[in-house]
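# Per-entry structural report
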Amino acid sequence: MRRLRRLVHLVLLCPFSKGLQQGRLPGLRVKYVLLVWLGIFVGSWMVYAHYSSYSELCRGHICQVVICDQYRKGIISGSVCQDLCELQKVEWRTCLSSAPGQQVYSGLWQDKEVTIKCGIEEALNSKDWPDVVLRRELVLFDKPTRGTSIKEFREMILSFLKANLGDLPSLPALVDQILLMADFNKDSRVSLAEAKSVWALLQRNEFLLLLSLQEKEHASRLLGYCGDLYLTEGTPYAWHGAVLLPALRPLLPSVLHRALQQWFGPAWPWRAKIAIGLLEFVEELFHGSYGTFYMCETTLANVGYTATYDFKMADLQQVAPEATVRRFLQGRHCEQSSDCIYGRDCRAPCDRLMRQCKGDLIQPNLAKVCELLRDYLLPGAPADLREELGKQLRTCTTLSGLASQVEAHHSLVLSHLKTLLWREISNTKYS
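All figures in this text were calculated on a predicted structure; none of them were measured in a lab.

Secondary structure assignment for the protein chain yields 16 helices and 14 strands. In the protein chain, buried positions account for 44% of the 431 residues. Contacts in the protein chain between residues far apart in sequence, at least 24 positions, make up 64% of those at least 6 positions apart.

Pasting the structure below:
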């Protein structure tokens, strides 16, 4: 340690001493050198700290061990279990996880690019594995119990869907689809392991959203599952583009990040096409077959596109059914509106007299999406379009009020935006 200190002392001070002896190194230059050394030290520490969290974020191997252990015990089953646990035909590739409890990987299965998603206990280490497996058996796969009839299981699913999606006339048809999915081997019966797997999957918000939006072209298609691990279509390109490693993005100032996004992202007409798809997705979330859904974390990180620049929602984790949001907010104690937030940006007003949150959101999906589009579309937009586009987006971002009250205005603003963008790229290679 003493030798290291001496070396640092020599590296830092010797140039200064030499310069001072020669009278060529003013005090200002000394300050600059010190600032550079400080910058290098702080930057190196930030990069080290960020990369040291990689092992915490990326635990796909643990996820596979836990899932396959339960599969071999006969607790769970699914359409990809054999390929995952016996034949080793599911290839795990790049780690895309943003939280330890939600493992996300790109992968390959049956010659298709897929996304692998699996929930896992946080703060794991190798000594915890047996306890984690036991907890998952006792908690995650605790229902239905042995002796439950298919009629009772059907009622369980229907009650769950009513609680999370609302009491909708279309729910019995969704229950039938879920039971068909549970019978993945097509033997006309649902085993206890099949039922436990499907029930566990339904507890995952994104899986429920995938089922609810399966007929929509802008949500990823479900391909298979094993227990509560499931595979969807290959990961779409991130809206940010493949400019930076995910680990480096949080280290950049937002201004620089936006600049890189513009420099290295798709050409403006392609961005316009992606934006049209995002606006169509907003339409799909509004009064769909299984109710209305809210985007409760509206960031570019959740938005993606395919190789042909068709919009594809990259992450549905923060999209929530209206019934779920209302149940969380309505009657919740509050002192101010900032106490009435579901997710990151689903906000409701606070009734200060009653000190309770109301169930209706202040800002609709479209207004939040238009805030994203303003930063994404205006830079680089054609000169003859920029003024009108800016005006339409400003109008859009001011939308507020109850969905029932703004529905007509909401549809009109959305239609105008789509028409404006489509007119610019129609009859070109970008359309």
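Now for helix H4 (residues 60–72). Between its first and last C-alpha, H4 extends 18 Å over 13 residues, near the 18 Å set by a 1.5 Å rise per residue. Here H4 has its buried residues at Gly 60, Ile 62, Cys 63, Gln 64, Val 66, Ile 67, Cys 68, Gln 70 and Tyr 71. Positioned one or two residues after H4, Gly 74 has a phi angle of 80°, which is positive.

Moving on: the nonpolar core. Ranked by size, the top nonpolar core spans 65 residues in total, and within it Ile 157, Leu 161, Leu 202, Leu 316, Leu 366, Leu 389 and Leu 421 carry the most contacts. A per-element tally of this core places helix H12 (residues 268–285) first, with ten residues. Apart from the residues lying within four places of it in its own chain, the contact partners of Leu 421 are Trp 268, Ala 272, Ala 275, Ile 276, Leu 279, Leu 377 and Leu 389. Core analysis: the next-biggest nonpolar cluster, separate from the first, contains 28 residues, Tyr 71, Val 80, Cys 81 and Trp 92 among them.

Turning to the pattern of salt bridges, a few remarks are in order. Overall, the coordinates contain 16 salt bridges when judged by the stated rule. Notably, a salt bridge pairs Arg 93 with Glu 91, separated by 3.1 Å at the nearest N-O pair. In this structure Glu 91 comes out as partly exposed when scored by relative accessible area, which is 37%. Arg 355 serves as the salt-bridge partner of Glu 335, at 3.8 Å between the closest nitrogen and oxygen. Here the residue Glu 335 occupies a position in the loop between helix H13 (322–329) and strand E11 (341–342), and Arg 355 occupies one in the loop between strand E13 (350–351) and strand E14 (356–357), the gap between them amounting to 20 residues. Residue classification places Glu 335 among the partly exposed residues on the basis of a relative accessible area of 41%. Its relative accessible area of 45% is what places Arg 355 among the partly exposed residues. Connected through shared salt-bridge partners, Glu 91, Arg 93 and Glu 113 make up one network.

What follows concerns the side chain of Ser 212. Along the chain, Ser 212 falls in helix H10 (residues 205–212). For Ser 212, a relative accessible area of 6% corresponds to the buried category. At a separation of 2.9 Å, a polar atom in the side chain of Ser 212 contacts the main-chain carbonyl oxygen of Leu 208. Ignoring sequence-local partners within four residues, the contact set of Ser 212 consists of Leu 165, Tyr 290 and Phe 293.

Let's shift gears to the packing of aromatic side chains. All told, the structure shown has seven aromatic pairs when counted by the stated rule. Ring geometry for Phe 207 against Tyr 230: centres 5.6 Å apart, planes inclined by 70°, an arrangement best described as edge-to-face. In this pair, Phe 207 sits in helix H10 while Tyr 230 sits in strand E5 (residues 229–233), placing the two residues 23 residues apart along the sequence. For Phe 207, a relative accessible area of 0% translates into the label buried. A network of ring pairs unites the aromatic residues Trp 270, Tyr 305 and Tyr 309 as a single cluster. Lying over the aromatic face of Tyr 376, Arg 271 brings its terminal NZ or CZ to 5.5 Å of the ring centre.

Parameters and conventions
- Residues numbered from 1 in each chain as written.
- Predicted model: local features only at pLDDT ≥ 70, side-chain atom pairs only at ≥ 80, totals over all residues.
- Heavy atoms only, no water.
- Helix = DSSP H or I, 4+ residues; strand = E, 2+ residues; numbered from the N terminus.
- Buried < 20%, exposed > 50% of the residue type's maximum accessible area, 1.4 Å probe, protein only.
- Contact = heavy atoms within 4.5 Å.
- Expected span 1.5 Å × (residues − 1).
- Core = buried A, V, L, I, M, F, W, Y, C linked by side-chain atoms within 4.5 Å.
- Salt bridge = Lys/Arg side-chain N within 4 Å of Asp/Glu carboxyl O.
- Polar contact = N/O pair within 3.5 Å; in protein donor to acceptor, adjacent residues only side chain to side chain.
- Phe/Tyr/Trp six-rings, centres within 6.5 Å; stacked < 30°, edge-to-face > 60°.
- Lys NZ or Arg CZ within 6 Å of the ring centre and 35° of its normal.

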